Amino acid sequence: MQTVAVARNAMATRFEIVLHGENPVALRAAAEEALDEVERLEAQLSLYRRSSEISHINSRAAAGPVRVEPGLFRLLQRAQLLSRESGGAFDITIAPLMRCWGFMSGTGELPDPGDLAEARSKVGMHRVLLNEKDFTIQFAGEGVMLDLGAIGKGYALECAAEILREAGVQSALLHGGTSTIHAIGAPPEATAWKVAIEHLGYAQHISGAEPAAAPTNDADPVLAIVPLKDEALSVSAVWGKSFEAGGKTYGHVIDPRTGAPAEGAVLAAVALPSATETDALSTALLTLGLEGHDQIARLRSGMRTLVAARTETAGQFRVEARGIVVRGGS
């Protein structure tokens with residue numbers, strides 16, 4: 001049994017694929033084809049490329065119907081369904097709010113209240129009209145913008161995994177920036193791939209956010225180990241892009257319903273067969289937090305979830321899990 005590892009930078013992160021099989025040449029060729037598909041999808045979905053199909057839609061859909069490539073149209077339909085199922089906690093029309101909070105072009109800033117109110121008036125999937133008969137999209141008004149940042153990586157991994165399966169690959173692990181992982185089969189002599197979710201304090205410490213919450217050197221840096229076989233896992237967290245103002249930290253995950261950074265949780269994880277859905281639903285679960293845990297966990301049969309929120313004690317967290325075994329304390 002041979003092992004092949006291939007990596008490429010795309011979608012502002014690093015995609016990596018590890019494959020096992022008897023023919024390393026065929027494995028590498030399949031992996032390169034899968035990563036080519038990731039790059040193709042980046043060129044189609046990127047909000048930041050003026051030549052992308054999403055940019056084309058954003059600049060023209062307010063004026064009238066815009067024809068959409070069938071694969072992208074199906075993705076937009078899935079995003080619309082996921083938004084409805086999550087009660088609007090996941091929403092690809094979030095772009096005006098991301099821009100208003102300064103996360104689209106930088107590390108963030110407090111918005112002007114008037115600008116924030118205007119941005120909120122442009123957000124909501126009810127402002128997106130999808131016509132399945134002719135594969136067109138139209139916006140209900142000016143200023144609506146699509147941002148597939150919370151679903152694009154998962155979708156790209158799902159498409160890449162499908163290419164690997166079509167090539168006959170039976171054992172592989174793919175990830176995009178480690179936030180979304182897609183498993184095909186299992187590694188040699190194992191029943192599943194095992195993916196670690198870092199302990200909350202450790203993750204915050206290495207991200208540079210709130211170093212006081214970091215554990216001691218002998219603390220276990222692993223919060224949970226999730227076995228995956230023909231499944232995907234997505235982990236969303238509030239740290240990463242953030243800024244401080246008035247003694248408060250504001251994260252880059254914006255609640256589409258309120259227009260403000262999400263405060264329901266600090267970390268959320270979702271495991272399902274579809275990487276597209278885990279990417280979107282982990283964002284929704286992070287936004288809804290502990291109060292919305294049951295709502296998200298009921299959406300799909302066999303879904304496994306984990307959500308963590310701060311407590312009133314500094315550096316302490318409350319962790320809830322459904323089907324995921326938490327190793328350390330909260």
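Residues numbered from 1 in each chain as written. Predicted model: local features only at pLDDT ≥ 70, side-chain atom pairs only at ≥ 80, totals over all residues. Heavy atoms only, no water.

Peer 1: Any chance you could explain the overall build of the protein chain here in plain terms?
Peer 2: Secondary structure assignment for the protein chain yields 9 helices and 15 strands. Rg of the C-alpha trace for the protein chain: 20 Å, near the compact-globule value of 20 Å for 330 residues, within the 12% margin. Taking the principal axes of its C-alpha atoms as reference, the protein chain extends roughly 60 × 50 × 35 Å. Scored against the burial criterion, the 330 residues of the protein chain give a buried share of 54%. In the protein chain, the share of contacts with a sequence separation of at least 24, taken over all contacts with a separation of at least 6, comes to 62%. A total accessible area of about 15,000 Å² is found for the protein chain, and carbon and sulfur atoms account for 49% of it. Side chains of the protein chain carry 30 positive and 39 negative charges; the gap between the two charge centres is 3 Å. (Helix = DSSP H or I, 4+ residues; strand = E, 2+ residues; numbered from the N terminus. Rg over C-alpha atoms; globule rule 2.2 N^0.38 Å. Buried < 20%, exposed > 50% of the residue type's maximum accessible area, 1.4 Å probe, protein only. Contact = heavy atoms within 4.5 Å. Areas by Shrake-Rupley, 256 points an atom, 1.4 Å probe, with all protein chains shown as cover. Lys, Arg positive; Asp, Glu negative; His and termini not counted. Charge placed at Lys NZ, Arg CZ, Asp CG, Glu CD.)

Peer 1: Sorry if this is basic, but what is going on with helix α3 (residues 70-85) here?
Peer 2: The periodicity of an α-helix, 3.6 residues per turn, causes residues three or four places apart in sequence to face the same way. Spanning 16 residues, α3 covers 23 Å between terminal C-alpha atoms, matching the ideal 22 Å at 1.5 Å per step. If you check which residues of α3 are buried, you get L72, F73, L75, L76, A79, L82 and S83. Taken together, the buried residues of α3 touch α1 (24-45), α2 (53-60), β4 (128-131), β5 (136-139), α6 (152-166) and α8 (275-288). Of the residues that open α3, the one with a side-chain oxygen 2.9 Å from the backbone nitrogen of G71 is E69. Phi turns positive, to about 65°, at G87, one or two residues after α3. (Expected span 1.5 Å × (residues − 1). Polar contact = N/O pair within 3.5 Å; in protein donor to acceptor, adjacent residues only side chain to side chain.)

Peer 1: Can you walk me through the packing of aromatic side chains in this structure?
Peer 2: Between two aromatic rings, the relevant description is the distance of the centres plus the angle of the planes. Counted according to the given criterion, the structure contains 5 aromatic pairs. Between F103 and F243, the ring centres sit 5.9 Å apart and the planes meet at 50°, which makes this aromatic pair tilted. Residue F103 is located in the loop between α4 (95-100) and α5 (113-120), and its partner F243 is located in strand β11 (residues 242-245); the two are separated by 140 residues in the primary sequence. Neither residue differs from the other here; F103 and F243 are each classed as buried. These aromatic residues form a ring-pair network of at least three members: W101, F103, F243 and Y250. (Phe/Tyr/Trp six-rings, centres within 6.5 Å; stacked < 30°, edge-to-face > 60°.)

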